[in-house]
Structure formats: C-alpha cells, structure tokens
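Secondary and tertiary structure notes
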Amino acid sequence: MVGVEPARASFVEVNRVRLRLWEWGEEDAPAIVCVHGAHDHGRMWDGFAPLVAQLGYRVVAPDLRGHGDSGRLSSGAMWMASALDLGLLARHLGPPVAIIGHSFGGGQALYAAAVWPELFRWVVNIDGLGPPPEAFEERDLVEAATASVANALRVLTTPRRTYPTMEDMVERRQRVNVRLPAEWTEHLVRHGAKETEGGWEWKADPFFMVGFPGPFDLEFMEAEHEIVTVPVLALTGAEHDTWSEMTAEQTEARLAHLPTARHQVIEGAGHYIHIEQPAAVLAAIESFIAEVAP
Amino acid sequence: MAPVSPMSPATPIVVLHAPGDARAGAPWREALAAAGWNGPVIAPDLPGHGSAPSPPGGSYELGDALLSVIPEIAALADDAPAPIVVGCGTNGWCAQILGLGGRASAVVLVDGLNGPWRTPRQAIEAGVEWLRRLADDPDAIAPPPPAGLDPRLRHPMGGLGNRAYAFRCAAAMPVPALIVETGGSLVPDDDVDALAVAHPAGAGVVRLETAEADEVVRHVVESVLRTVART
C-alpha cells in the first residue's frame, strides 16, 4: 500500500464520456485537477494528492478517457477530445480551477488552459513538455502509413493481450519505468489492470495506440505552447529517465515558447517527479501559488 | 486520371464520404449502382452519419473513416486487386493514408487536398475556436443520437491545412491519383496543378464548376468508371 486511498470515488458524464473521478480534501475547498499521463490513471496521485489536499484544496484526479475506469475512445488522436473533457470537468467543478498534469497529462493541462483561460487559474506541468526534438523528425510516409494501417488492423481484429498474472504486468512495466520504486510500480499496475478470462489485461484502451501520420511537428507543439496565457510552473527531473529524454538545452528551448512559465529542476528525480520527490514538488508548488495566486 | 494497372471490373471501389455530409454514403452507393457498376463497393455511412452510430467516446477524429474501412478492405478476397479509394473533403487524407500504406491501387481526392493552407499558429488557433464552439453547444456534447447526422458534426473540424505536408504526401504517393476540385475547393489553383505534377505515379486534375453534391458524385463516379473501362 502506498499513499492514501481517495476520500471519494465517483463518475461524471462530460463530453459524451463517463469519467472516473478520485478525490481528496474537502468538497467545498478550491479545486485542483490532477491529470495523469499516458497509460496511467488517477490513482497515480495517491501519494501526492493528499499532500496537496492538506494545503486546503479539493484535489480531483480523473481517469482520462481511454484510461482506468473511464469510457472508451476511438483512436489515439484523442488530444482535443480529452482537452474538451477537462474543460467541461472544470465547468462541472466550478471554475476557475487549477490544474496539475504529469507527462501527457501535463501537455493536456497546458492545452486545456490555453483553450479556456477563464476556466483554469494556473498550470503545473510535471515533465510534460513533449518528446525531444528528434521524435518529430520526418519519417518516410510510405513506411509510416503502412505501419500505422497494419497496427490499426491488428488492434481492430485481434484480442487484447492477456497476462497470466498481475506480477507479469509489474515485470513488464518495471522494464520501462526503471526508476519507479517497486511498490509504486505494483500500485500503478494494481489499479491499471483488470482481471479477465484467462488472466489480466490493461484497463487502458488499446485504441490509444492507434494513430496515423500527419503534419503535427515541433512547430505545431511550440505554437500550441505559445498561446498559453495563464501562469505555468514547469518541473523537470534532474535525472535521465524513460520519457525524460530532453537535454537541459532542449528543455530551455521548449520553454522559450511558454512565455508564462517558470521552470524548476528537481534533484533526484526522473520522469515521475512527484512520486520520487513529493516534498520538493510540493514546496515548488507552494512557492508558485504564493507568487501567482496568493 | 493516370493509367491504373492492373484494373478490372472486379476492382473494388471504396468511398469515404465527406465528414458532415448528412446523406452519408448513400449517394455514392446509388450512383455506382445506377451507372451499372457491379464490382465490389465499400461506401459505408461513416460514424455519426446515416445509419452508423457515433464512434466510441462520441468524439470525431480524422482517422474515423480509416478505422471504418480498414477491416473491410482487409477482408476483400485475396485475389482481389487493391481498391480505388475515393476520399471526400478532409477524408482525402484518409484516402492518402490508404494509398501510401499499400491498401489502394489509386486514390481519388474530391476536394481532398485538405486546404485551406494555414500556418501552425493559425491551425492551433482554429483548433481552439473549434473546441470552444463545441463546449458552448449543448447538442454537441450531449449523448449522440443513435442514427442520423450527429449534431456535433455541425462544427466541422477543418482539414489538416498544411501545404508542406500536402506536397510530402503527393511526392510519396506510390499509386496514381485523380484530383477533383469542385467549385467549393479551398486550395489555390496553382497549388492543385503543382501537387498533381508532384505525384510520381501520375495524377490527373478534374475541375468542376459546381459544388452541388449530386453533380459532384455523378462526375466522380463517371471518371472512376471511365478509368476502369479504359484499362
């Protein structure tokens, strides 16, 4: 057992999808939405959310569409639909709210706040500035289209992968997230898996992995960051890690397109900064709030 | 249209109607039948149109049409030639993916070049405006109807709008193309011609004065069947 069980669990219907919500803190306190990353779920905040709630906030952590207990999606091109979910969730909770996002969820937090600055007071982005520049290098279109169509066909026509035991899923995940403490890997798997006939499978919708080539590139990502107008705190870990592959110079170049951002590097952390160094992240957020929303 | 080979009356024809077209695939199915075409036709009502329910999650992505037809194309007989794929409006991009991905013997792009061109900043701002319109339209975010045109589709997503990407697609396309530009085209004439030239396997251009839906369907069906007959 790691962290603290949520005080409340519920579902809300927004934007045609049923979202699972996990909550900590008093219901009438100002709301902070915590958004998990790709393939994760709201229970990844079990350690950090209670700390934020103790500052006097209602912390609401959704399972994004296609993740955890929330509804399905049609493809991995769910960036805008998921941002709309967050905008409507903010309306549901009573705007303006604040938003903290990790990784993919950090990008979602920036985008939702860019679209609806009247709904989001500030953003904390935890290692969610996007992939390194080399990830945007142009691929051969024939090769990319061929692979993407084959992948879509595979997802559409083959049964989901089943693992014999949950331990097999933990082992699989440990190979990717090498810095995550073992008890956290187990926690993320326990809440991210479901038992099925013949074993266990991920709750995450396999259609999240379906995508096709398009023009989205670094220039688009930078343009998306440039329209953010609310205060932003960007946190990155000092340690190299899976999904934390940008150099310091690349991070600074990315941040140059986020004019409202402050940046802080957290020592002793890789990608899951708030799990590895919760006290340091909490202190950074407290200082940020004191500065932008006293 | 540039020569397509091998081609026979058994060549399947796939049609991806335009997003937001309330009549969905029906006009295409009817026009092909009326023209006497008895080869395989895959011209479905795409999700949220006609008889097809909205996609899982009720949101619309550019890849919806692909996900609708990829299994059907894969299920064609092993000895069937790869289909001619017609993509209308923003679904021209889907036809291009199938052409690039080895799943088409030719592509027909009906106002399908994905104009008007935008800078990345303009594209991002258009996306913001689109999301804000959706959020403020109760019908667009309420549960979708079981059939008929989903009111969410009253807010068209817009095309990719990326001129450089359009030229990359053209230059990489391994199969012949027919570019049909109607009176509603949003791509500059000069770029249409340049894009046709950029197709290494050849591309023809047909310009229609009209943007009237039935006339466009009839012209495109005639052009496609003429090509099939010629080869």
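Note that the structure is predicted; figures quoted are calculated from it, not measured. (Residues numbered from 1 in each chain as written. Chains lettered and ligands numbered in written order. Predicted model: local features only at pLDDT ≥ 70, side-chain atom pairs only at ≥ 80, totals over all residues.)

So, about the overall build of chain A. Secondary structure summary: chain A contains ten helices and ten strands in total. Radius of gyration (C-alpha) of chain A: 18 Å, near the 19 Å computed for a compact globule of 294 residues. Overall size of chain A, expressed as C-alpha extent along the three principal axes, is 55 × 40 × 40 Å. Restricting the contact set of chain A to residue pairs at least 6 apart, pairs at least 24 apart contribute 73%. (Helix = DSSP H or I, 4+ residues; strand = E, 2+ residues; numbered from the N terminus. Rg over C-alpha atoms; globule rule 2.2 N^0.38 Å. Contact = placed C-beta atoms within 7 Å.)

Another aspect to go through is the overall build of chain B. Scanning chain B from terminus to terminus reveals eight helices and six strands. When the helices and strands of chain B are read in sequence order from the N terminus, they spell out β-α-β-α-β-α-β-α-α-α-β-α-β-α. By the compact-globule yardstick of 17 Å for 231 residues, chain B fits well, its C-alpha radius of gyration being 17 Å. Expressed along its principal axes, the backbone C-alpha trace of chain B runs to roughly 50 × 40 × 30 Å. With 231 residues in all, chain B has 51% of them scored as buried. Across chain B, every contact between residues at least 6 apart in sequence was considered, and the portion connecting residues at least 24 apart equals 69%. (Buried ≥ 20, exposed ≤ 12 C-beta atoms within 10 Å, placed from the backbone.)

Look at the link from Pro95 of chain A to Pro96 of chain A: it is a cis peptide, with omega at 0 degrees. Residue placement: Pro96 of chain A occurs in the loop between helix 2 (79-93) and strand 5 (97-102). The amide bond that connects Gly115 of chain B to the next residue, Pro116 of chain B, takes the cis arrangement and shows omega of 0 degrees. Within the secondary structure, Pro116 of chain B sits in the loop between strand 4 (106-110) and helix 4 (120-135). For Asn15 of chain A, which is not glycine, the phi dihedral falls at a positive 50 degrees. Relative to the assigned elements, Asn15 of chain A resides in the loop between strand 1 (8-14) and strand 2 (17-24).

On to the environment of Arg118 of chain B, then. Topologically, Arg118 of chain B is positioned in the loop between strand 4 and helix 4. Each C-alpha atom, one on Arg118 of chain B and one on Ala166 of chain B, is 12 Å from the other, the two residues being 48 residues apart in sequence.

At a minimum axis separation of 9 Å, helix 7 (residues 218-226) of chain A and helix 4 of chain B run at an interaxial angle of 55 degrees. Taken together, helix 7 of chain A and helix 4 of chain B sit at an angle that is classed as oblique. In this structure, helix 7 of chain A meets helix 4 of chain B at a crossing whose hand is right-handed. Counted together, Glu219, Phe220, Ala223 and Glu224 of chain A of helix 7 of chain A and Pro120, Arg121, Ala123 and Ile124 of chain B of helix 4 of chain B form the full contact between these two elements. (Axes fitted to C-alpha atoms, helices over the stretch in contact; angles between N-to-C directions. Parallel < 35°, antiparallel > 145°, perpendicular 65-115°, else oblique. Left-handed = near helix turned anticlockwise from the far one by under 90°.)

Here we come to the packing of helix 2 of chain A against helix 4 of chain B. The packing of two helices is summarised by the inter-axis angle and the distance between the axes. Contact geometry of helix 2 of chain A with helix 4 of chain B gives a least axis separation of 10 Å together with a crossing angle of 50 degrees. Of the possible angle classes, the one that applies to helix 2 of chain A and helix 4 of chain B is oblique. Crossing geometry of helix 2 of chain A relative to helix 4 of chain B is assigned as right-handed. For the pair helix 2 of chain A and helix 4 of chain B, the contacting residues are Met80, Ala83, Leu84, Gly87 and Leu88 of chain A in the first and Gly127, Leu131, Leu134 and Ala135 of chain B in the second. Among the residues making up the contact of helix 2 of chain A with helix 4 of chain B, the classes are represented as seven nonpolar, two polar and no charged. (Nonpolar A, V, L, I, M, F, W, Y, C, P; charged D, E, K, R; others polar.)

Residues and elements named next belong to chain B. One open sheet holds the six strands; their spatial order is 2-1-3-4-5-6, and the pairing between them is parallel. Every other strand in the sheet has two partners, leaving strand 2 (41-42) and strand 6 (203-207) as the edge strands with one partner each. Across two bridges, strand 1 (residues 13-16) lies against strand 2 in parallel orientation. Looking at strand 2, one finds that Val14 is bridged to Ile42. Strands strand 1, strand 3 (84-88) and strand 4 of the sheet are contacted by helix 3 (residues 92-100), whose axis makes an angle of about 155 degrees with strand 3. Contacting strand 5 (177-181) and strand 6, helix 7 (residues 189-198) runs over the sheet at an angle of about 155 degrees to strand 6. (Pairing = 2+ DSSP bridges.)

Right, let's get into the nonpolar core. Of all hydrophobic cores here, the largest spans 145 residues; its most connected members are Val33, Ile99, Ala113 and Phe120 of chain A together with Val86 and Val108 of chain B. Top contributing element to this core by residue count: helix 2 of chain A, with eight residues. (Core = buried A, V, L, I, M, F, W, Y, C linked by C-beta atoms within 7 Å.)

Contact with chain A, which involves 38 residues of that partner, is made by 40 residues of chain B. For the side of chain A that touches chain B, the elements supplying multiple residues, two or more each, are helix 2, helix 3 (104-115), helix 4 (141-157) and helix 7 of chain A. Among the elements that take part in the side of chain A that touches chain B, helix 4 of chain A stands out by supplying ten residues, more than any other. The residue inventory of the side of chain A that touches chain B, partitioned by class, reads 24 nonpolar, nine polar and five charged.

Right, let's get into the sheet that holds strand 10 (residues 261-266) of chain A. Across a sheet, strands are paired by hydrogen bonds formed along the backbone, either parallel or antiparallel in direction. All names here are of chain A. A sheet is described by the order of its strands in space; here eight strands give the open sequence 1-2-4-3-5-6-9-10, paired in mixed fashion. For this open sheet the edge positions go to strand 1 and strand 10, each flanked by a neighbour on one side alone. Taking the axes of each pair of neighbouring strands and ignoring which way they run, one obtains an average angle of 25 degrees across the sheet. As paired elements, strand 5 and strand 6 (residues 120-126) share five bridges and run parallel to each other. Following the sheet pairing, Val97 is matched in strand 6 by Phe120.

This paragraph deals with the confidence of the model for chain B. Fine structural detail should not be taken from predicted coordinates in areas where pLDDT scores are low. Residue and element names in this part refer to chain B. Looking at chain B as a whole, the pLDDT averages 92, with 95% of positions reaching at least 70. A low-confidence stretch, residues 1-7 (pLDDT under 50), is modelled with 23 contacts involving residues beyond four sequence positions or located in other chains. Across the interface, the model reports ipTM at 0.96; the global pTM reads 0.96. (pLDDT = per-residue confidence, 0-100.)

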